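These are the residues of each chain, in order.
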Amino acid sequence: VRRGGRSCYEVDLHERGKFAYFRLDDSFARERTRGTVTIMIDYFDRPVGAKLQLEYDGSSGPYTAAAPVLLEGSGMWKSASFTIRNARFQGRQNDGADFRFSIQGPVVALALRLVRVERRDGVR
């Protein structure tokens, strides 16, 4: 679809169980992930007052929550980075996923253009 003049993927959170799931390539994820991992996302900022939430497969459980990002409802594309230090990425979420995004608050579709994962050693 197009949002804010750009092509993107849109996940209807009503139809998909309120989550957008991601599975990492085995060469990246199945090794023991040590140190810092950063997950970056470009998202369409809506609605106002909602929160963009990342839950990842971490050492404390398969749905470890990172600090959420408060959406401003600007109707513009924004970027967010989540830096985590305890990732396991062993596919313990639904359907073998390693992390997922959701919107907390008014349920809408999640429009995203880019999701990137980097280890501290620079592997993407």
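No experiment lies behind these values; they were computed from the predicted model shown. (Residues numbered from 1 in each chain as written. Predicted model: local features only at pLDDT ≥ 70, side-chain atom pairs only at ≥ 80, totals over all residues. Heavy atoms only, no water.)

Asks: Just to check I follow, could you spell out the overall build of the protein chain for this structure?
Replies: A count of helices and strands for the protein chain gives one helix and eleven strands. The secondary structure elements of the protein chain, listed N-terminal to C-terminal, are β-β-β-β-α-β-β-β-β-β-β-β. Every one of the 124 residues in the protein chain was classed for burial, and the buried ones make up 44%. Partitioning the intrachain contacts of the protein chain with sequence separation of at least 6 by distance along the chain shows that 78% fall at a separation of at least 24. (Helix = DSSP H or I, 4+ residues; strand = E, 2+ residues; numbered from the N terminus. Buried < 20%, exposed > 50% of the residue type's maximum accessible area, 1.4 Å probe, protein only. Contact = heavy atoms within 4.5 Å.)

Asks: I keep staring at the nonpolar core and nothing clicks. Help me out?
Replies: Core analysis: the biggest nonpolar cluster contains 27 residues, and Ile 39, Leu 52, Phe 82, Phe 89, Phe 99 and Phe 101 have the highest contact counts within it. Every element with two or more residues in this core is listed here: β5 (37–44), β6 (51–58), β9 (77–84), β10 (99–104) and β11 (109–119). The element best represented in this core is β5, accounting for four residues. (Core = buried A, V, L, I, M, F, W, Y, C linked by side-chain atoms within 4.5 Å.)

Asks: Sorry if this is basic, but what is going on with unusual backbone geometry here?
Replies: In most cases, non-glycine residues show a negative phi, while peptide bonds are predominantly trans. Put simply, Arg 46 and Pro 47 share a cis peptide bond, and its omega is -10°. Along the polypeptide, Pro 47 turns up in the loop between β5 and β6. You will see that Phe 89, though not glycine, has its phi angle at about 50°, which is positive. In this structure, Asp 95 is a non-glycine residue whose phi angle is positive, near 55°. Mapped onto the elements, Asp 95 comes out in the loop between β9 and β10. We classify Asp 95 as exposed; its relative accessible area is 66%.

Asks: Is there a simple way to explain the environment of Gln 53 in this structure?
Replies: Mapped onto the fold, Gln 53 is located in strand β6. Residue class for Gln 53 comes out buried when judged on its relative accessible area of 6%. The sequence separation of Gln 53 and Arg 100 amounts to 47 residues, and the corresponding C-alpha distance is 8.2 Å. For Gln 53, the side chain forms a polar contact with the main-chain oxygen of Ala 66, separated by 2.7 Å. (Polar contact = N/O pair within 3.5 Å; in protein donor to acceptor, adjacent residues only side chain to side chain.)

Asks: For this particular structure, what's the right way to read the pairing of β6?
Replies: Regular strands place side chains that alternate from one sheet face to the opposite one. In terms of residue burial, β6 counts as a mostly covered element, since seven of its eight residues are buried. Two strands pair when backbone bridges link them, and β6 and β10 are joined in this way by six bridges, in the antiparallel orientation. Considered in β10, the bridge of Leu 52 is made with Ile 103. Two strands pair when backbone bridges link them, and β6 and strand β7 (residues 61–65) are joined in this way by three bridges, in the antiparallel orientation. (Pairing = 2+ DSSP bridges.)

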